[in-house]
Amino acid sequence: MMFETALAVAVLAQNTVTVHNTRGASIQKYHYSMFYETEINFGGEGGLYGELVWNRDFEALGRGTLDVTTPSKWASRDERIAELRNSRTKSSPNPLGVDQLDPHEPPAVPGSIAPWTTVGVTATSVITTQPFATNPWVASFTATAAGQGIENPGYWGMHLRTETTFDFSFYGMGNGAVMYAQLMCGSQVIYESPKFAPLTSQWQKFNATLKPTTPCFGGSLRVLTATPNVAIYLDHVSMFPGDAVLGLFRPDLFAFIKEYAPPMVRVPGGNYLEGTGLRTRWQWKKSVGPKEMRSGHYNSAWGYWVTDGLGLMELLRLTEFLKAEPLVSIYTGFSIGRQYIPLYESQPFVDDAMDLMEYTNGPANSVWGQKRVQDGHPASFNVSMLEIGNEETQRGKEGYAGHYQIIMDPLRQKYPYLYIVASGIMAATSGGRSSSCLPCVGGCDMAPQHCDAWDEHTYDSANTMASLVDLYNDYYSSSFCQTVNGAKCPPVYVLEFACRNQPLTVQSGVSEAMFLVGTERNAEIVHATAFAPMFVNVKGEQWGYNLFNFNASHVFALPSYYSQLILKQNLGDYILQTNVSTYKQGTERWSAIASIKGNNTVIVKVVNYEFPSFIVDISFDGFPAPLTFPSTASYLGNSDPSVANTLDNPNAVSITTVPLKVNGQTVSIAMELYSVAVFVATF
């Protein structure tokens, strides 16, 4: 919308902002970080993790793969998710023994190789100690004619591109059988590999580079034999795109994270960390070492099998490549809907935390440091931040506070430099918001424990998210922070926020921007923020509002991504005092903040949520020299709340520019009904 056109509309209101050269709190560098709950919505395997073969190691045994051709299985799971989340405070036992299935963990279906299908053969999975004892299931079949074998559909199709090659490998055994691979687009062969050397009675690994001659958005991979009447055994059939970032990550998805350049990434966190018991929780020790030897596990929090190919090492390499600080999550003995493991049985979780630090930071000659070297990373990762637990709602000495203490104390003793984040309030907008009996502030017969920050999570409607612009205004003086023994509420990390179950529209994105400028304005309290969840394969969705949405071949970002990006790319060092004219009326509200970067750069941010389009006049007071203004502001906005990005139209909402009107030391911007504007001035 052109500024001159806006001025000509008589109904536009005039609002004012005054920016004073008075510094407030420093803005911490971890504002606008990212949270990667590695496995939700097939956002890891089937998403950012570049592996194209689903169930590459044949260990899934039907768990989470039996009806992969029916997307509705994944898209209509709100009832199950609600049951999981509502059961967080129930008290079903969580025994230390792990022979029984966890809640929501289906039994294995021996013989199933799903989602693999057969090409002219009867194939099954069989158990063996070779080639990998920790991954005992392999595929077995005998062909009756040449050209038979098995076929993998990928995660609802493979994007087979002609501009890159594909790195293919498999392990095979079969006395004299000759194998080859085909890339398929429907029934059309778009590449056939040369024949491999004959299989033998011993397991061997085979590698090839495949290059399709025709592009295909929904392709598949076949592994076939030219030799009938020979029993064939296959394991760990893998294919990555040749242009995968670090050989690991899908390039188009990675590009968004690289553009955002998060200062910190929380991994893995979320319900995936906890599972619904000890069998289904994330176990970092099983996620390191050679990928062929990782046993995998059923992700009961979100209902599918994972190979653990995207493990701790891969997550740390991701953060290292991004030059982001990793915030690694530690399991406490709490799983969704279960009681805590008793404190007297919790030493294994303490050991896991200590061993994790040795793996990430320890010398090369230490037990776990040596394993890191063997995994290909001789240097320390220099991890300096940990989060203990996730949304731990069972408080008190036998609950979170007690489990936090037994893990935190030895960590701080051995690694005094660690910045430790505690689990805080699960829902910042919930009724009866209370800090009582949380470890940072004490209570329930416990003294306050050391916490550098705690992690609050906020999911709500767009209207409520916008209203939370003021959530942290009176944080330390509120009844929420009435503590015991003189303790003070720690700084806040808001490491999960989003409009839950809202349309994927500009209205939702701007409501979150309104919330974020409130956290930035209260920078002395809020030290970090991160949206959740990050990724969703649209064919495998379990959570209905995600930052990056993709299928096998295409991706789009929510308006929320662009509203965060425009704020993140213009982050100051200190908040400046800002006076704003009347900004609230029912659900309509607008807000403005300003900050200073270095000694002579002023950043101004204005967000409008539901106020009828208006012009805001911004003046500046107390600066030592006149300010120089740009001719345009970065801008995201629309007066239609339903405008959204889609796979077919990924840029319906994105960052553009609008003209500024400069009159001396006053700047005017026209703001649409849902909009974010940012400009930078210097003096």
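Look a little higher up for the structure.
Not measured: the values here are computed from a predicted model.

Caption draft 1: Highlighting the nonpolar core. Formed by 141 residues in total, the largest nonpolar core has its most connected members in Tyr36 and Leu411. When near neighbours in sequence (up to four residues on either side) are disregarded, Leu411 contacts Ala353, Met354, Met357, Leu386, Ile388, Pro416 and Leu418. One finds Met158, Phe206, Leu210 and Val230 within the second-largest nonpolar core, a separate group that totals 35 residues.

Caption draft 2: Geometry of the packing of aromatic side chains. The final tally for this structure, using the stated rule, is 44 aromatic pairs. Relative to Trp54, the ring of Phe42 lies with its centre 5.3 Å away and its plane at 70°, an arrangement referred to as edge-to-face. One end of the pair, Phe42, is in the loop between strand E2 (30–35) and helix H2 (72–75); the other, Trp54, is in the loop between E2 and H2, with 12 residues separating them in the sequence. Exposure remark for Trp54: the relative accessible area of 4% places this residue in the buried category. Taking 5.9 Å as the distance between ring centres and 70° as the angle between the ring planes, the aromatic pair formed by Phe196 and Phe206 counts as edge-to-face. Here the residue Phe196 occupies a position in the loop between strand E10 (188–192) and strand E11 (204–210), and Phe206 occupies one in strand E11, the gap between them amounting to 10 residues.

Caption draft 3: Geometry of the packing of helix H7 (residues 347–361) against helix H9 (residues 400–414). Orientation of H7 relative to H9, taken along the N-to-C sense of each, is 30°, at an axis distance of 9 Å. For the element pair H7 / H9, the angle class is roughly parallel. The handedness of the crossing between H7 and H9 comes out as right-handed. Listed contacts from H9 to Val350, Ala353, Met354, Met357 and Glu358 of H7 are Ile406, Ile407, Pro410, Leu411 and Lys414.

Caption draft 4: Local environment of the environment of Ala133. Here Ala133 lies in the loop between strand E4 (124–127) and strand E5 (137–142). Given a relative accessible area of 61%, Ala133 falls into the exposed group. Distance in space between the C-alpha atoms of Ala133 and Asn600 is 63 Å, their sequence separation being 467 residues.

Caption draft 5: Representation of the side chain of Glu358 within the structure. Residue position: Glu358 is located in helix H7. Buried and unpaired, Glu358 has Lys414 as its nearest opposite-charge partner, separated by 4.2 Å. In this structure the side chain of Glu358 is engaged in a polar contact, spanning 2.9 Å, whose partner is the backbone nitrogen of Trp368. Those residues within four positions of Glu358 in sequence are excluded, and the remaining contacts are Ser366, Val367, Trp368, Gly369, Arg372, Lys414 and Tyr415.

Caption draft 6: The arrangement of the environment of Ser553 in detail. Relative to the helices and strands, Ser553 is located in the loop between strand E24 (548–550) and strand E25 (555–557). In the structure, Ser553 is positioned 394 residues away from His159 in sequence and 5.3 Å away in space, judged by C-alpha atoms. Here the side chain of Ser553 touches His554 through a polar contact of 2.7 Å, side chain to side chain.

Cut-offs applied
In this convention, every chain numbers its residues from 1, walking through the sequence in written order. Residues qualify for local features only when their pLDDT is at least 70, as the model is predicted, and side-chain atom pairs are given and counted only at 80 or more; totals for whole chains, interfaces and linings, by contrast, use all residues. Side-chain metrics rest on all non-hydrogen atoms present in the structure, leaving aside hydrogens and water. Nonpolar core, defined: a set of buried Ala, Val, Leu, Ile, Met, Phe, Trp, Tyr and Cys residues in which side-chain atoms within 4.5 Å join the residues together. Here the term buried applies to any residue with accessible area under 20% of the maximum for its type, exposed to any over 50%, and partly exposed to those in between, with areas from a 1.4 Å probe on protein chains only. The contact definition used throughout considers only heavy atoms, calling two residues in contact when any of these lie within 4.5 Å. Ring pairs are drawn from Phe, Tyr and Trp, using the six-membered ring of Trp, whenever the two centres fall within 6.5 Å, and their geometry is named by plane angle: stacked under 30 degrees, edge-to-face over 60, tilted for the rest. Helix and strand definitions follow DSSP, with helices as H or I runs of at least four residues and strands as E runs of at least two, each counted in order from the N terminus. Here, axes are lines fitted to C-alpha atoms. For helices the fit covers the stretch in contact, and angles between N-to-C directions go from 0 to 180 degrees. When an angle is under 35 degrees it counts as roughly parallel; over 145 it counts as roughly antiparallel; between 65 and 115 it counts as roughly perpendicular; any other value is oblique. Take the far helix as your reference; a near helix turned counterclockwise from it by less than a right angle gives a left-handed crossing, and one turned clockwise gives a right-handed crossing. Lys and Arg are tallied as positive, Asp and Glu as negative. Neither His nor the chain termini are counted. By convention in these notes, a salt bridge is any Lys or Arg side-chain nitrogen within 4 Å of a carboxyl oxygen on Asp or Glu. Pairs of N or O atoms are called polar contacts if they sit within 3.5 Å, as long as, within protein, a hydrogen donor faces a hydrogen acceptor (for residues adjacent in sequence, only side-chain-to-side-chain pairs).

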